[in-house]
Amino acid sequence: MAKKIGVTMEVGNDGVAVITISNPPVNSLASPIISGLKEKFQDANQRSDIKAIVLTGNGGRFSGGFDINVFQQVHKTGDISLMPEVSIDLVCNLMEDSRKPLVAAVEGLALGGGLELAMACHARVAAPKAQLGLPELTLGVIPGFGAFQVDIVRGGQKFGLVDALVPSGELLSTSRKWALDIALGRKPFLRSLHRTDKIGSLSEARAILKDTRQLAKKIAPNMPQHHACIDVIEEGIVHGGYSGVLKEAEVFKQLVMSDTAKALVHVFFAQRATSKVPNVTDVGLKPRPMKKVAVIGGGLMGSGIATALLLSNTRVVLKEINPDYLQKGIKSVEANLKSLVSRGKLTQDKAGKALSLLKGVLDYAEFKDVDMVIEAVIENIQLKQKIFKEIEEICPPHCILASNTSTIDLNVIGEKLTQKIAFPAHIMTLLEIVRTENTSAQVILDLMSLGKAIKKVPVVVGNCIGFAVNRTFFPYTQGAHMLVNLGVDLFRVDRVITSFGLPLGPFQLGDLAGHGIGMAVKEIYAKAYGNRMFRSPLTELLVKSGRNGKINGRGYYIYEKGSKPKPDSSVLSVVEESRKLTNIMPGGKPISVTDKEIVEMILFPVVNEACRVLDEGVVIRASDLDVASVLGMSFPSYRGGIIFWADTVGPKYIYEKLKRLSETYGGFFKPSRYLEERAMNGMRLSEPKASSRSRM
């Protein structure tokens, strides 16, 4: 039976009209719903038998907000007229200025436009578990239904966003009575848009706005919606609420068409698309439960994976090779949980319950009934092969065998392996599920289900050295090393890349990961992709000088407890030694480059490798690589992911730039066949191939 979509109105004997939004699953405000609301409010205001109005949502949810599928349609067509007129027509004229009192009965979600509708009402009654929020900034826009100005004058939840909290079973009856009390003069009829008593003096407001602008410049320099939001607030405070609504409507439409909104909306939908895997999620299979999982190795990665599993209420067996290492592993899990408690993300009771599900062991006796084993030891092929040979004889037939390797081809480790788990598991959102030729659809579905249970975003990828994310980004550090060996200041490189939007520049990232790991991984990549690598001695020289990165307090930066990393000028002698050995500076003199050229020399080779990943069918769709780059490498979401950004810049421009660079600096920059074809044919990188190879 189809679920009914629309807006209904029922009038009781008490003269209260209950208007109900129905658009499962979250009562999103699609265009038909908005039209329905306009119609019902007009009708209610005209009917003489209606004294007051209650607005609510069907199925225990008020409204999850505006239907952002409309954003996607606007971006595809470029037609802004597809956006419905809401702020003036509905929120101001029909709700805020309604002649009859209007009360919102809020249960469950009231997000974005849903919350704005509630704020436009003359009172709000909510159930205790109602969730209120304005998440529009995460999509590159501002709240655009007009009631954002209402929140300003009401002062937010702390000062009365919700007028009463009542049990869920009493929500509708209390709201009806409240609306009648307003109609009969027993409660105040408050039109919030016209109030100024919560704002304070103009000078106080401007001082707050000035401080807020400075903060926005610092924490969100590349996000115009944050700055626009402040401008709209100022308009409402200085010139009045109605003027603020007009400004809000104008700015909202401008922001919808911005590159930032296009990128963030793309990431939103791309993340949801990762849950659709052909011949896995569409063939009627159901995931099997993971009740008990074994983790081999209690280091940083293993303890992080164990933590994520424990938080999903999964029993975990943590295996180490000796009591000291085991104790350290358990302590690391305890520290992870304690950190979550101290940051208010977990209660002490839940932390204790999670820890009670952990069992430390020194042998494989507990492996006889596990549903899954995750190997998380050091990147040593022989050690990993030995471990899997041992556990294959002990684990039950249904058990899934997985590795946390970040680079090694799973087929080299063992024929039955199916998965690589992102690091560190309890912090990072991405979960790469690496599919080999031997991986069944059932196993993939099981792992996707597990990923969601531990609050990750699973992305299914093919098997190759580095898989999807690490392979795509292996040129990232090499481009930076080339620039430094060409005479560019390494600290400037980091500053430019962080200004672009990545949280860490390539050199500070190397410090964080540890240069020993970097050296080991470089050798693995050299065997697979050596013909397109830039070989720099800088990392080896750094380690030789006793600089292992954050782990020992010194790398390119100095790390002291309780303070931010500081650039270490004494590292420049190591850099000079590297420059002498590579001897690539033209005429022995440093090159002159702009900040834009630094970004291009570091990230265009990444785009180039991403093209090879697409060409080889390592990912199901281009948008999967966008999601993986955002969640796995912290590529700025407001740029849409590595492929979306490249399409925004233009494949032809990237191809021509790389071709010129390759003529000057060699094969590291040589454009891939896929990039060349797309550039020559005027195609986007993200456009699906007519027929493609696949590693899945």
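Remember, predicted model here, so these are calculated numbers, not experimental data. (Residues numbered from 1 in each chain as written. Predicted model: local features only at pLDDT ≥ 70, side-chain atom pairs only at ≥ 80, totals over all residues. Heavy atoms only, no water.)

**Side note on the overall build of the protein**
- When its secondary structure is counted, the protein shows 27 helices and 17 strands.
- Taken over the C-alpha atoms alone, the protein extends approximately 85 × 65 × 55 Å along its principal axes.
- In the protein, buried positions account for 54% of the 696 residues.
- Of the roughly 31100 Å² of accessible surface on the protein, a fraction of 53% belongs to carbon and sulfur atoms.
- Side chains of the protein give 87 positive and 69 negative charges; the mean places of these two sets differ by 2 Å. (Helix = DSSP H or I, 4+ residues; strand = E, 2+ residues; numbered from the N terminus. Buried < 20%, exposed > 50% of the residue type's maximum accessible area, 1.4 Å probe, protein only. Areas by Shrake-Rupley, 256 points an atom, 1.4 Å probe, with all protein chains shown as cover. Lys, Arg positive; Asp, Glu negative; His and termini not counted. Charge placed at Lys NZ, Arg CZ, Asp CG, Glu CD.)

**Quick word on the domain arrangement of the protein**
- Annotation of the protein at the domain level lists domain 1 (6-257), domain 2 (292-463) and domain 3 (470-680).
- When each unit is reduced to the centre of its C-alpha atoms, the spacing between domain 2 and domain 3 is 30 Å.
- Between domain 2 and domain 3, the residue contacts involve 12 residues of the former and 12 residues of the latter.
- Interface area, domain 2 with domain 3, both sides summed: about 970 Å², of which 70% is carbon and sulfur. (Domains from an automatic or database assignment. Contact = heavy atoms within 4.5 Å. Buried area = accessible area lost by both parts, 1.4 Å probe.)

**Here we look at helix 24 (residues 622-633)**
- Between its first and last C-alpha atoms helix 24 spans 16 Å; for 12 residues at 1.5 Å apiece the expected length is 16 Å, and the two agree.
- Among the 12 residues in helix 24, 12 count as buried, and that is most of the element.
- Along helix 24, the residues classified as buried are A622, S623, D624, L625, D626, V627, A628, S629, V630, L631, G632 and M633.
- S634 lies just past helix 24 and shows a positive phi near 60 degrees. (Expected span 1.5 Å × (residues − 1).)

**Here's the deal with the side chain of H122**
- For H122, the position within the fold is in the loop between helix 4 (113-120) and strand 6 (123-126).
- With a relative accessible area of 2%, H122 lands in the buried category.
- Among the polar contacts listed, one links the side chain of H122 to the backbone oxygen of E96, at a separation of 3.0 Å.
- If we skip the residues at most four places from it in the chain, H122 touches M95, E96, S98, K100, P101, L102, F189, L190 and R191. (Polar contact = N/O pair within 3.5 Å; in protein donor to acceptor, adjacent residues only side chain to side chain.)

**Notes on the sheet that holds strand 9 (residues 292-296)**
- Read across the sheet, 5 strands follow the order 11-10-9-12-13 without closing on themselves; strand pairing throughout is parallel. Among the strands making up the open sheet, the edge pair consists of strand 11 (358-361) and strand 13 (400-403). The sheet shows a mean angle of 20 degrees between the axes of neighbouring strands, taken without regard to direction.
- By the bridge criterion, 5 bridges tie strand 9 to strand 10 (residues 315-319) in an arrangement that is parallel. Bridging from a neighbouring strand, V293 pairs with V316 of strand 10.
- Of the strands in this sheet, strand 9, strand 10, strand 11 and strand 12 (372-375) are in contact with helix 11 (residues 300-311), which crosses strand 9 at around 170 degrees.
- Running at roughly 170 degrees to strand 13, helix 14 (residues 381-392) makes contact with strand 9, strand 12 and strand 13 of the sheet. (Pairing = 2+ DSSP bridges. Axes fitted to C-alpha atoms, helices over the stretch in contact; angles between N-to-C directions.)

**A closer look at the pattern of salt bridges**
- With the rule as written, the count across this model stands at 31 salt bridges.
- Here K292 ties to E366 by a salt bridge, and the two come within 2.7 Å at their closest N and O atoms. One end of the pair, K292, is in strand 9; the other, E366, is in the loop between strand 11 and strand 12, with 74 residues separating them in the sequence.
- The class of E366 is buried, set by a relative accessible area of 19%.
- Taken together, the shared-partner salt bridges in this structure form one network comprising R471, R532, E609, R612 and E616. (Salt bridge = Lys/Arg side-chain N within 4 Å of Asp/Glu carboxyl O.)

**Digging into the sheet that holds strand 2 (residues 16-22)**
- The mixed open sheet is built from 6 strands, whose spatial order is 1-2-3-4-6-8. The sheet is open, and its two edges are formed by strand 1 (6-11) and strand 8 (164-165), each paired on a single side.
- Pairing analysis gives 3 bridges linking strand 3 (residues 52-57) to strand 4 (residues 102-106), with the strands arranged parallel. Within strand 4, the residue paired with I53 across the bridge is L102.
- Each of strand 1, strand 2, strand 3 and strand 4 is contacted by helix 1 (residues 31-46), which is oriented at about 20 degrees to strand 1, the strand it contacts most.

**As for the UniProt feature "domain: 3-hydroxyacyl-CoA dehydrogenase C-terminal" (unreviewed entry) in the protein**
- The UniProt feature table records "domain: 3-hydroxyacyl-CoA dehydrogenase C-terminal" (unreviewed entry) at residues 466-559.
- Its end C-alpha atoms 29 Å apart, residues 466-559 is made of 62% helix and 2% strand. (UniProt positions renumbered as here; feature names shortened; annotations may be inferred.)

**What about unusual backbone geometry?**
- A cis amide bond links P24 to the next residue, P25, at an omega of 5 degrees.
- Tracing the chain through its elements places P25 in the loop between strand 2 and helix 1.
- Phi at N27 is positive, roughly 55 degrees, even though this residue is not glycine.
- You can call N27 buried: its relative accessible area is 2%.
- In this model, N583 sits at a positive phi of 50 degrees, which is unusual for a non-glycine residue.
- Along the chain, the position of N583 falls in the loop between helix 22 (572-582) and helix 23 (595-615).

**A few points about the packing of helix 12 (residues 323-342) against helix 13 (residues 348-356)**
- The interhelical angle for the contact between helix 12 and helix 13, taken along N-to-C directions, is 165 degrees, at an axis separation of 9 Å. Considering the angle they form, helix 12 stands roughly antiparallel to helix 13. Considering only the axes of helix 12 and helix 13, their crossing is right-handed. From helix 12, V333, E334, L337 and V341 reach across to helix 13, where they touch Q348, A351, A354 and L355.
- A class-by-class count of the residues in the contact of helix 12 with helix 13 yields 6 nonpolar, 1 polar and 1 charged. (Parallel < 35°, antiparallel > 145°, perpendicular 65-115°, else oblique. Left-handed = near helix turned anticlockwise from the far one by under 90°. Nonpolar A, V, L, I, M, F, W, Y, C, P; charged D, E, K, R; others polar.)

**Focus on the packing of helix 26 (residues 651-665) against helix 27 (residues 673-680)**
- Packing of helix 26 against helix 27 leaves a shortest axis separation of 8 Å and a crossing angle of 125 degrees. What the angle tells us is that helix 26 and helix 27 run oblique. Helix-helix and strand crossings are classified by hand; for helix 26 and helix 27 the assignment is left-handed. Side by side, helix 26 and helix 27 meet where P651, K652, I654, Y655 and L658 of the first sit next to L675, E676, A679 and M680 of the second.
- For the contact of helix 26 with helix 27, the per-class residue count stands at 7 nonpolar, no polar and 2 charged.

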